[in-house]
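# Summary of the model geometry
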Amino acid sequence: MDQIALVVHTCDRYQLLYQGFEYFFKRNWPYKQVNINYYFLTEEVDYHSDVFTNIKTGKGEWSDRLLNGLNQIPEEYVIYLQEDMWISRPVNADTILKTIEYVLEKQYKLLKLSSNPVYVTTSTGNYINGLSISILNNKKSGYLMSHQASIWNKSFLADQLQFKEHPWRNEREGTKRLRDLSAGIYHIDLFSENGNHGINNNGKYLKPSRYYTVSQNAQLNSFAEPFINGMKEAKDEQIRTYALKLEHHYLNGLTHDGQSQPRKEDVFKKMKNFFKGIFKSES
């Protein structure tokens, strides 16, 4: 377990989300059973936690900041998450431990952990607690490079980070690069992402874990509502107060740093149309 760490990559503008991420992470990720290092990558702000070690990446473009953070981490592999991925259903400790052991044994470069219909997969014939370990069809799948929950070989991830790439360009151009590499990319339905069903031919298995991405265009989206309502009922007064702050931002359309701005064009819709164009041209 000293070969792998869990990394949460964020930016200082999104400080509003830090407390909520950790609140639901502690409730649903078995960090006491999964004895690995946990890192929280901010730019310049201090982040105090009894679970995460704060690493400062400095200011800069998305790819440069992540690369700086990875260079400060000694582990060979990382479980990658972002601060707006709020876990709503517990992760089975035995399953994640076996998944980590499997990745290290097979020395995979990339194992995606979240269900998304943009991926087309074929089973390898191997299972972890009923979940199929599958391999992506790189020609037919979208988002080969994505910032959703994944286990990466750290050096392989670093190789996908070009100088001064913002996150959308990194996913777009990184997908082209990975497709050209014909890299072996694997998948397991550990998490239901934003309500998506599993995409692999799984056996009998308890319900997978689940997370929702509660942020879009630097604002809370509708996925945040159940989390806010849950925290409003918490016994801890600080959590209830925090939930009211989130609710204020959500209802008033404020950005995470408290600014009022019109919503930009949905970047996810742009990405979807981009991949549709690729598939159409290849077919």
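Look up a bit, the structure's there.
Residues numbered from 1 in each chain as written. Predicted model: local features only at pLDDT ≥ 70, side-chain atom pairs only at ≥ 80, totals over all residues. Heavy atoms only, no water.

### Quick notes on the nonpolar core
Inside soluble globular proteins, nonpolar side chains tend to come together where they are buried. Ranked by size, the top nonpolar core spans 59 residues in total, and within it Leu6, Phe25, Trp29, Phe52 and Trp86 carry the most contacts. In terms of nonpolar packing, the next biggest core, distinct from the first, is built from 25 residues, Ile55, Val78, Tyr80 and Leu136 among them. (Core = buried A, V, L, I, M, F, W, Y, C linked by side-chain atoms within 4.5 Å. Buried < 20%, exposed > 50% of the residue type's maximum accessible area, 1.4 Å probe, protein only.)

### Regarding the side chain of Thr99
Its location among the elements puts Thr99 in helix H3 (residues 93–106). Apart from the residues lying within four places of it in its own chain, the contact partners of Thr99 are Leu111, Leu113, Ile128, Ile151 and Ile188. (Helix = DSSP H or I, 4+ residues; strand = E, 2+ residues; numbered from the N terminus. Contact = heavy atoms within 4.5 Å.)

### Details of helix H2 (residues 62–70)
Buried within H2 are the following residues: Trp62, Ser63, Arg65, Leu66, Gly69 and Leu70. Each buried residue of H2 lies within a common arc of 165 degrees when the element is viewed along its axis, so the set occupies one face. Turning to H2, the residues buried within the fold contact strand E1 (4–9), strand E2 (37–42), strand E3 (53–56), strand E4 (77–82), helix H4 (154–159) and helix H5 (167–181). (Arc of directions from axis to C-beta.)

### Considering the side chain of Ser132
Note that Ser132 resides in strand E8 (residues 131–136). Note on Ser132: relative accessible area 0%, which makes it buried. Engagement of the side chain of Ser132 in a polar contact is seen with the side chain of Ser123, the distance being 3.2 Å. Not counting residues up to four positions away in its chain, the partners in contact with Ser132 are Ser123, Asn126, Tyr127, His187, Ile188, Asn200, Asn201 and Asn202. (Polar contact = N/O pair within 3.5 Å; in protein donor to acceptor, adjacent residues only side chain to side chain.)

### Let's talk about the packing of helix H6 (residues 224–232) against helix H7 (residues 237–251)
Axes are the key here: two packed helices are described by the angle between their axes and the distance separating the axes. Where H6 meets H7, the closest approach of the two axes is 8 Å, and the angle between their N-to-C directions is 150 degrees. For the element pair H6 and H7, the recorded crossing hand is left-handed. Mapping the contact onto sequence places Glu225, Ile228, Met231 and Lys232 in H6 and Ile239, Arg240, Tyr242, Ala243, Leu244, Leu246, Glu247 and Tyr250 in H7. For the contact of H6 with H7, the residue count by class is eight nonpolar, no polar and four charged. (Axes fitted to C-alpha atoms, helices over the stretch in contact; angles between N-to-C directions. Left-handed = near helix turned anticlockwise from the far one by under 90°. Nonpolar A, V, L, I, M, F, W, Y, C, P; charged D, E, K, R; others polar.)

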